[in-house]
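Below, each chain spelled out in residue letters.
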Amino acid sequence: MEGRRGIRVRSLLRPGVLLPVLFAAALLAFVFSIGDLPRVVGRVRRIPASTLAAALLLALLYLWLKLLEFRLLLRALGIATPPRRLLLAFAVGEITLAIPAGVYAQNYVLRRLQGSGFAHSAAATTVILALETGLVFLALALDPIPAWPWLRPLGIALLAASVLVLSLSLRLRGLGAALARRLSLAPLRSLFRGLEELLGGLRRLSTAAVLVPSLALTAVYLAALCAAFLLVAHGVGAQAFTFRQALSVYAFSLMVVLVLGGVVPQLGGVELAGLGAAQAWGYGPSEGLAMMIGFRIVWTAAIWLWCIPAVVLLWREFGRPAGDDGEEAPH
C-alpha cells in the first residue's frame, strides 16, 4: 500500500504534471486579482436556478453531438467500439479536458479497453481539435471584436497557416516509418511509428464524406457552448451581453489557449483571455471576470454531472478482456 502511495505521489510531483498545475493556479490567482473578488463572487452566486438547468441541458446536447462525431470518426478509421466502451472513453476524455493533453485520455482508455492503437484512434481526436480550431479562427476572421481591428487579419492568417500545416502533414507519407527504420533507440522508433500511424489515420479521415458531417456537428455543439456562456453572462448581471459577443469572447479565449497550448494551460488561460476580450467589448473587470469564472464553474459542473456518473456506471468495462466486447476492424 505504501509503495503504491509513493508511486502516486511521485507521479503527481513530476514536472510535466506539477508545473502546468502550478502555472494554472498562478494564472487564476492573477485573474482574481484583476477584479473585485467579493463583487465577482456575489454576481456568480446570483446565477438563477433556471440558468443552471438550461446549462445542464445545453451540456447534454454538447456532449451528445460531440460523442456522435467521435463515433463517426472512429468508424471511418475502421475502429468498431461497443457503445458502453465508447461512452466510457469519451466521458473520461471530457472530464480531463482542462488538463494538458487531457482530451487524448479517451484514446488511452480505448487502448486499455479493447486494444485499439493509441495513435490510430488519436487521429479522430485530432480531427475534432482541428475542426474546433478552424471554426474558432474562422469566427474571429468573419466577425472580430470591433475594438481590436488586428484580430481579423490574425484570424485569417492563423486559419491559412492551419490549413497549410495540415495539408503538408498529410503529404508526408512514409516519413515516420522511414525515420523509425533508421533509428536505433526503441523509444524513438515507437514514437515515429506512432506518428506515421497518426498521419495515416488523418489521411483516411480527410474526405468530404467524413469532414462535412463532422464540421456540422462541431459547429452546432460549439454554438450550444456559446449559448450556455450567454445565459451565464446574463445570470451574473450582464444583460446587454449578446450572442455575437459571447461567440467572439469565447472564440478569442480558445484561440489564445490553442495557439499557446504549450505555454498557457486551459484552466486560467481561458479566463484571462476572455476577461481581456470582454473588456474590449466595454465590460468592466469584475463583470468580465464574473462571466468567465461563472461559466467555468457552471459548465464544468454540468459536464461532470453527466460524465462522472457514466464513468462510475461503466467502470467495470476495464475488468473485461481487451477484445471481449468488440475489436478494431482491420485497416
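Here the structure is a predicted model, which is why all the values come from computation and not from measurement. (Residues numbered from 1 in each chain as written. Predicted model: local features only at pLDDT ≥ 70, side-chain atom pairs only at ≥ 80, totals over all residues. Heavy atoms only, no water.)

Peer 1: Teacher, can you tell me more about the overall build of the protein chain here?
Peer 2: Broken down by element type, the protein chain carries 14 helices and zero strands. From first element to last, N terminus to C terminus, the protein chain shows the α and β order α-α-α-α-α-α-α-α-α-α-α-α-α-α. Going through the 331 residues of the protein chain one by one, you find that 44% of them count as buried. Long-range pairs, those at least 24 residues apart, make up 74% of the contacts in the protein chain between residues at least 6 apart in sequence. Surface summary for the protein chain: the accessible area is close to 16500 Å², and the carbon and sulfur share equals 70%. (Helix = DSSP H or I, 4+ residues; strand = E, 2+ residues; numbered from the N terminus. Buried < 20%, exposed > 50% of the residue type's maximum accessible area, 1.4 Å probe, protein only. Contact = heavy atoms within 4.5 Å. Areas by Shrake-Rupley, 256 points an atom, 1.4 Å probe, with all protein chains shown as cover.)

Peer 1: Looking at this model, I keep getting lost on the nonpolar core. Mind explaining?
Peer 2: Nonpolar side chains tend toward joint burial in soluble globular proteins. Membership of the largest hydrophobic core comes to 87 residues, with the highest contact counts inside it found for Phe229, Phe241, Phe252, Met255 and Trp299. It is helix α14 (residues 285–314) that contributes the most residues to this core, 14 residues altogether. Aside from chain neighbours lying at most four places away, what touches phenylalanine 229 is Phe241, Ala246, Val249, Tyr250, Met291, Met292 and Phe295. (Core = buried A, V, L, I, M, F, W, Y, C linked by side-chain atoms within 4.5 Å.)

Peer 1: Looking at this structure, I do not really get helix α4 (residues 49–76). What am I missing?
Peer 2: Since the α-helix advances by 3.6 residues per turn, residues separated by three or four positions end up pointing in the same direction. For α4, spanning 28 residues, the distance from its first C-alpha to its last is 41 Å, which sits close to the expected 40 Å at 1.5 Å a residue. At the exit of α4 stands glycine 78, carrying a positive phi of roughly 85°. (Expected span 1.5 Å × (residues − 1).)

Peer 1: Is there a simple way to think about a nonpolar patch on the surface in this case?
Peer 2: Taken together, Leu258, Val259 and Leu260 make up a surface patch of nonpolar side chains, about 230 Å² in accessible area. By secondary structure assignment, the location of valine 259 is in helix α12 (residues 243–259). What makes valine 259 partly exposed here is its relative accessible area of 42%. (Patch = residues over 30% accessible without salt bridge, like charges linked within 9 Å, V, L, I, M, F, W, Y side chains within 5 Å. Salt bridge = Lys/Arg side-chain N within 4 Å of Asp/Glu carboxyl O.)

Peer 1: Just checking my understanding: could you explain the confidence of the model for the protein chain for this structure?
Peer 2: In low-pLDDT segments, the atomic positions of the prediction should not be examined closely. In this model, the protein chain carries a mean pLDDT of 82, and residues with pLDDT of at least 70 account for 77%. Here residues 6–19 is a poorly scored stretch, pLDDT under 50, and it has five contacts once near neighbours within four places are set aside; other chains count. With pLDDT under 50 throughout, residues 326–331 is counted as low confidence; its partners more than four residues away or in other chains account for 20 contacts. (pLDDT = per-residue confidence, 0-100.)

Peer 1: Explain the pattern of salt bridges here, please?
Peer 2: As a working rule, side chains carrying opposite charge can pair if their charged atoms are close by. One pass over the structure, following the stated rule, counts six salt bridges. Glutamate 317 is the partner of arginine 84 in a salt bridge, and the nearest nitrogen-oxygen pair spans 2.8 Å. With arginine 84 in helix α5 (residues 83–95) and glutamate 317 in the segment after α14, this residue pair connects regions lying 233 residues apart in the sequence. One salt bridge connects glutamate 271 with arginine 296, and the closest N-O pair in it is separated by 2.5 Å. Highlighted residues: glutamate 271 in helix α13 (residues 266–280) and arginine 296 in helix α14, separated in sequence by 25 residues. Of the two residues, glutamate 271 and arginine 296, neither departs from the other in class, the shared state being buried. One connected set of salt bridges, linked through shared partners, spans Lys66, Glu94 and Glu132.

Peer 1: What exactly am I supposed to notice about the packing of aromatic side chains here?
Peer 2: By convention here, two paired aromatic rings are described through the distance between centres and the angle between planes. Taken as a whole, this structure holds 13 aromatic pairs when the rule is applied. When the centroid spacing of 6.4 Å and the interplanar angle of 35° are considered together, the rings of phenylalanine 70 and phenylalanine 90 count as tilted. Taken together, the residues phenylalanine 70 in helix α4 and phenylalanine 90 in helix α5 connect sequence positions 20 residues apart. Both residues of the pair, phenylalanine 70 and phenylalanine 90, belong to the buried class. Between phenylalanine 229 and tyrosine 250, the ring centres sit 5.5 Å apart and the planes meet at 55°, which makes this aromatic pair tilted. Of this pair, phenylalanine 229 sits in helix α11 (residues 208–235) while tyrosine 250 is found in helix α12, placing the two residues 21 residues apart along the sequence. In this structure, phenylalanine 229 and tyrosine 250 share a single accessibility class: buried. Joined through ring pairs, the aromatic side chains of Tyr62, Tyr221, Phe229, Phe241, Tyr250, Tyr283, Phe295 and Trp299 make up one cluster. (Phe/Tyr/Trp six-rings, centres within 6.5 Å; stacked < 30°, edge-to-face > 60°.)

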